[in-house]
Amino acid sequence: MNQHMKRFAALTAGVALATLAGCASTPSTPLPTVPAVDLARYAGAWYEVASLPNRFQKQCVADTQARYRQTGADIEVVNRCRTADGKVDDITGVAKVVPDSGNAKLRVSFFRPFYGDYWILALGGGTDYGWVLVGEPTRKFGWVLSRKPTLAPADLEAALARAEALGYARSAFKATPQTRPLD
């Protein structure tokens, strides 16, 4: 199977998994988001510092990052990472704001018409949004992102403590190596 077909198969499987997770029963405790997000400030580069391991990122071994750019009412999402063979894997998608969410809830798709939840659960690091905790209602997916390739230990502690307070298994979050950021 050529590289394009393998990637298509992996993406299709990832989308199916995310879709099924969205259909799974949601924990009885609602998952609150931050009250509001300034999307212009949120735009730009983010580095993955920690995440809950998932199948649709299994090819990523390091240097995972995302870039967000407003394109009218939508947000362009570009995810990149380094694979075990040292190559860069990337994929481009689109995010749409969920109405009446204060821009804190997005629906993201890398393979339309399937969309997954992307909820902003915590923001830290001041007015420039230095770090963010992202998740979704079933609590099966979660990410700690930072504006820099590394995050101060106190900030990582704050993000993981918030995740735990929201019902995530803190110990399930695994560090993401940032060895050679993909600028």
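Presented here is an overview of the structure given in this document. (Residues numbered from 1 in each chain as written. Predicted model: local features only at pLDDT ≥ 70, side-chain atom pairs only at ≥ 80, totals over all residues. Heavy atoms only, no water.)

A short note on unusual backbone geometry
Alright, step 1. Note the cis peptide between Arg-112 and Pro-113, where omega equals 15°.
Alright, step 2. Phi at Asp-63 is positive, roughly 55°, even though this residue is not glycine.
Alright, step 3. Relative to the assigned elements, Asp-63 resides in strand β2 (residues 60-71).
Alright, step 4. For Tyr-129, which is not glycine, the phi dihedral falls at a positive 55°.
Alright, step 5. Residue position: Tyr-129 is located in the loop between β6 (114-124) and β7 (131-135).
Alright, step 6. The exposure class assigned to Tyr-129 is buried, which follows from its relative accessible area of 6%. (Helix = DSSP H or I, 4+ residues; strand = E, 2+ residues; numbered from the N terminus. Buried < 20%, exposed > 50% of the residue type's maximum accessible area, 1.4 Å probe, protein only.)

Quick word on the side chain of Asp-63
Alright, step 1. For Asp-63, a relative accessible area of 0% gives the class buried.
Alright, step 2. Within the structure, Asp-63 has its side chain in polar contact with the backbone nitrogen of Thr-179 (distance 2.5 Å). (Polar contact = N/O pair within 3.5 Å; in protein donor to acceptor, adjacent residues only side chain to side chain.)

Description of the environment of Lys-148
Alright, step 1. Topologically, Lys-148 is positioned in the loop between β8 (142-146) and α3 (153-165).
Alright, step 2. For the pair Lys-148 and Glu-48, spaced 100 residues apart in the sequence, the C-alpha separation amounts to 9.2 Å.

Thoughts on the pairing of strand β4 (residues 88-97)
Alright, step 1. In terms of strand pairing, strand β3 (residues 74-83) meets β4 through 9 bridges, oriented antiparallel. Counterpart to Cys-81 in the pairing with β4 is Asp-89.
Alright, step 2. Counting the residues that bridge the hairpin from β3 to β4 gives 4 residues, and of these Gly-86 lies at a positive phi of roughly 90°. (Pairing = 2+ DSSP bridges.)

Quick word on the pairing of strand β5 (residues 105-111)
Alright, step 1. Of the pairings in the sheet, the one linking β4 to β5 comprises 4 bridges and is antiparallel in character. Bridging from a neighbouring strand, Val-97 pairs with Leu-106 of β5.
Alright, step 2. In terms of strand pairing, β5 meets β6 through 5 bridges, oriented antiparallel. Directly across from Val-108, in β6, lies its bridge partner Gly-116.
Alright, step 3. The turn linking β5 back onto β6 is made up of 2 residues.

What about the packing of aromatic side chains?
Alright, step 1. Enumeration over the complete set of coordinates arrives at 9 aromatic pairs.
Alright, step 2. Aromatic side chains Tyr-42 and Tyr-68 sit 5.5 Å apart centroid to centroid with 40° between the ring planes, which places their arrangement in the tilted category. With Tyr-42 in helix α2 (residues 39-42) and Tyr-68 in strand β2, this residue pair connects regions lying 26 residues apart in the sequence. In this structure, Tyr-42 and Tyr-68 share a single accessibility class: buried.
Alright, step 3. Consider the rings of Phe-56 and Trp-143, whose centres lie 6.5 Å apart with planes at 50°: the pair is tilted. Residue Phe-56 is located in the loop between β1 (44-51) and β2, and its partner Trp-143 is located in strand β8; the two are separated by 87 residues in the primary sequence.
Alright, step 4. In this structure Trp-143 comes out as buried when scored by relative accessible area, which is 13%.
Alright, step 5. By the ring-pair criterion, three or more aromatic residues cluster together here, those being Tyr-42, Trp-46, Tyr-68, Tyr-118 and Tyr-129.
Alright, step 6. A cation sits over an aromatic face here: Arg-41 above Tyr-129, 4.3 Å from the ring centre. (Phe/Tyr/Trp six-rings, centres within 6.5 Å; stacked < 30°, edge-to-face > 60°. Lys NZ or Arg CZ within 6 Å of the ring centre and 35° of its normal.)

A closer look at the side chain of Asp-89
Alright, step 1. Mapped onto the elements, Asp-89 comes out in strand β4.
Alright, step 2. For Asp-89, the side chain forms a polar contact with the side chain of Gln-59, separated by 2.7 Å.

Some words on the nonpolar core
Alright, step 1. Counting residues in each nonpolar core, the largest one holds 21 residues, and the members touching the most others are Val-37, Tyr-42, Tyr-68, Tyr-118 and Leu-145.
Alright, step 2. Among the secondary structure elements, those contributing two or more residues to this core are α2, β2, β3, β5, β6, β7 and β8.
Alright, step 3. For Tyr-68, the residues in contact, after removing those within four places along its chain, are Tyr-42, Ala-43, Gly-44, Trp-46, Ile-75, Glu-76, Val-77, Tyr-118 and Leu-145.
Alright, step 4. Val-49, Ala-122, Leu-166 and Tyr-168 belong to the second largest nonpolar core, which has 17 residues in total. (Core = buried A, V, L, I, M, F, W, Y, C linked by side-chain atoms within 4.5 Å. Contact = heavy atoms within 4.5 Å.)

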